[in-house]
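Chain and residue survey
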Amino acid sequence: MATDPSPARTFALGTFSVGGGVPFPGLVTDEEVLDLRTVSGLRGAPGANPGTRDLLERWDGVLPVLRELAASGGGSGWHRLADLRVHAPVRPRQILQSGANYRTHVIDLAVAHEPEDGRPPERVRAEVAALMDRRAAEDQPYVFVGLPSAVTGPYDDVVIPSWCTKPDWELELAAVIGEPAFRVSPERALEHVAAYTIANDVTARELVFRRDMPEIGTDWLRAKNAPTFTPLGPYLVPAEFVTDPGDLRVTLRLNGEAMQNESTRDMVFDVARLVSHASQTVELRPGDLVLTGSPAGNGMHWGRLLRPGDVMEGTITGLGTQRNTCVAEEA
């Protein structure tokens with residue numbers, strides 16, 4: 001009797017360096033990393049120093065090579081993961097971020113922001129819950145733009161600026177674009193997602209709403225885009241190893257205590273609808289990120305915001321773990 005072929009060996013893609021050397025794209029399998037600059041078929045143009053974004057631009061041709069390399073293992077060009085510095089896995093051109101995309105999170109935030117009209121929390125919770133149900137059935141995602149300059153590595157420090165008084169965490173699933181996407185349908189959107197990774201969308205809560213100009217609404221530039229406010233990674237996990245992005249556990253621990261612990265099932269709009277919606281306006285290009293929003297359990301909910309010395313540990317099913325220490329800007 002014929003047996004089913006064994007499943008492909010799982011692997012991920014990342015950016016690494018040895019000591020203070022030049023960062024390089026690497027294939028991660030277990031506790032080893034292959035320097036992909038040593039693979040002739042992946043080097044790109046002569047004299048170029050390819051990164052993961054370059055590989056994503058050639059994803060259809062690169063992916064089969066990565067599968068073969070992961071299956072073979074060993075040989076020259078391999079490093080122990082423990083000997084390497086892990087950088088942000090990709091440098092995106094564009095970051096599209098989804099706001100108000102987890103039902104429970106939005107409800108909790110509405111209550112935490114203490115409506116000035118004196119409505120009791122129970123009423124606010126009921127009204128926002130009804131609004132979320134209507135949004136899912138009738139409306140479109142709320143997407144805004146983040147800055148690549150806010151990206152930092154998965155184990156780097158998060159610097160709290162001197163002007164930031166209410167820094168908060170927001171762990172998120174991030175979809176990484178492979179094939180360019182422009183005006184794609186939700187039914188075809190996931191075909192353009194090459195991989196998934198973890199992002200922490202750190203937010204200065206006191207700056208989210210413009211109190212001097214309430215008619216304008218939110219100020220995402222200042223609230224979310226300080227340097228190091230977007231820890232990313234550790235790795236890009238190919239989409240073929242993420243069976244269902246709509247059923248992943250998102251967990252953030254603060255100093256070892258779980259603060260966020262929710263499934264992506266709580267999303268109002270799933271990954272396909274978010275990618276499709278963003279692509280109706282923006283041409284998504286290889287390496288771009290579509291952040292899918294953050295679940296309930298942020299600092300505003302707990303009444304406990306980030307402080308220097310805090311350690312955030314973020315995990316999403318199958319995507320690894322990032323760990324960032326908060327430091328004051330003055331330090």
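Keep in mind that this is a model prediction, so the values were computed, not measured. (Residues numbered from 1 in each chain as written. Predicted model: local features only at pLDDT ≥ 70, side-chain atom pairs only at ≥ 80, totals over all residues. Heavy atoms only, no water.)

Across its full length, the protein holds eight helices and 20 strands. Scaling as 2.2 N^0.38, a compact globule of 331 residues should have a C-alpha radius of gyration of about 20 Å, and the protein matches this with 20 Å. In terms of principal-axis extent, the alpha carbons of the protein reach across some 65 × 50 × 40 Å. Summarising the internal contacts of the protein: among those between residues at least 6 apart in sequence, 76% fall at separations of at least 24. Just so you have it, the protein exposes about 15,300 Å², and 51% of that area is on carbon and sulfur atoms. Positive and negative side-chain charges of the protein, numbering 32 and 45 respectively, have mean locations separated by a distance of 2 Å. (Helix = DSSP H or I, 4+ residues; strand = E, 2+ residues; numbered from the N terminus. Rg over C-alpha atoms; globule rule 2.2 N^0.38 Å. Contact = heavy atoms within 4.5 Å. Areas by Shrake-Rupley, 256 points an atom, 1.4 Å probe, with all protein chains shown as cover. Lys, Arg positive; Asp, Glu negative; His and termini not counted. Charge placed at Lys NZ, Arg CZ, Asp CG, Glu CD.)

Per the stated rule, a full pass over the model turns up five aromatic pairs. With a centroid separation of 6.2 Å and 40° between ring planes, the pair formed by F16 and F24 is classed as tilted. An identical accessibility class is assigned to F16 and F24; each is buried. Aromatic side chains F144 and W220 sit 4.6 Å apart centroid to centroid with 15° between the ring planes, which places their arrangement in the stacked category. Here W220 lies in helix α6 (residues 220-224) and F144 lies in strand β7 (residues 142-146), a separation of 76 residues in the sequence. Judged by relative accessible area, which is 9%, F144 ranks as buried. Chaining the aromatic ring pairs together yields one cluster made of F16, F24 and Y235. Directly above the aromatic system of W163 lies the positively charged group of R222, at a separation of 4.6 Å from the ring centroid. (Phe/Tyr/Trp six-rings, centres within 6.5 Å; stacked < 30°, edge-to-face > 60°. Buried < 20%, exposed > 50% of the residue type's maximum accessible area, 1.4 Å probe, protein only. Lys NZ or Arg CZ within 6 Å of the ring centre and 35° of its normal.)

Note on placement: N225 falls in the loop between α6 and β14 (230-231). A polar contact is formed between the side chain of N225 and the backbone nitrogen of L147, at a distance of 2.8 Å. Not counting residues up to four positions away in its chain, the partners in contact with N225 are V145, G146, L147, A150 and W220. (Polar contact = N/O pair within 3.5 Å; in protein donor to acceptor, adjacent residues only side chain to side chain.)

This next bit is on the confidence of the model for the protein. For any part of a model where pLDDT is low, the fine detail of the predicted coordinates should not be relied upon. In the predicted model, the protein carries a mean pLDDT of 91, and 93% of its residues have values of at least 70. Note on residues 1-6: pLDDT under 50 across the span, and zero contacts to partners over four residues away in sequence or across chains. (pLDDT = per-residue confidence, 0-100.)

Let's shift gears to the environment of T203. By secondary structure assignment, the location of T203 is in strand β13 (residues 203-204). Residue classification places T203 among the buried positions, given a relative accessible area of 0%. Taking the C-alpha atoms as reference points, T203 and W169, separated by 34 residues in sequence, lie 6.5 Å from one another. When sequence neighbours within four positions are dropped, the list of residues in contact with T203 reads K166, P167, D168, E170, V208, A223, K224 and F229. Among the polar contacts listed, one links the side chain of T203 to the backbone oxygen of D201, at a separation of 3.0 Å. Within polar-contact distance, the side chain of T203 engages the side chain of K224 at 2.8 Å.

With that out of the way, let us pick up the environment of A272. Looking at where A272 falls in the secondary structure, it is placed in helix α7 (residues 271-279). Accessibility expressed as a relative area gives 11% for A272, which makes it buried. Each C-alpha atom of the pair A272 and E329 lies 38 Å from the other, and the pair is 57 residues apart in sequence. In this structure, A272 is in contact with P186, A189 and L190, ignoring residues within four places of it in sequence.

Core analysis: the largest hydrophobic core is formed by 62 residues, its most contacted members being F16 and M312. Once residues within four sequence positions are removed from consideration, F16 is found in contact with V22, P23, F24, G26, V28, V33, L81, L84, R85, V86, H87 and Y235. Counting 29 residues, the second largest nonpolar core, distinct from the first, contains L27, L34, L42 and W59. (Core = buried A, V, L, I, M, F, W, Y, C linked by side-chain atoms within 4.5 Å.)

This next bit is on the sheet that holds strand β1 (residues 12-17). Two orientations exist for strands paired in a sheet by backbone hydrogen bonds: parallel and antiparallel. Within the open sheet, the five strands sit side by side as β4-β3-β2-β1-β5. Their pairing is antiparallel. Each having just a single partner strand, β4 (78-80) and β5 (85-87) make up the two edges of the open sheet. Between one strand axis and the next, the sheet turns by 45° as a mean value, whatever way the strands run. Here three bridges tie β1 to β5, and the two strands are oriented antiparallel to one another. Pairing of S17 across the sheet is with R85, part of β5. (Pairing = 2+ DSSP bridges. Axes fitted to C-alpha atoms, helices over the stretch in contact; angles between N-to-C directions.)

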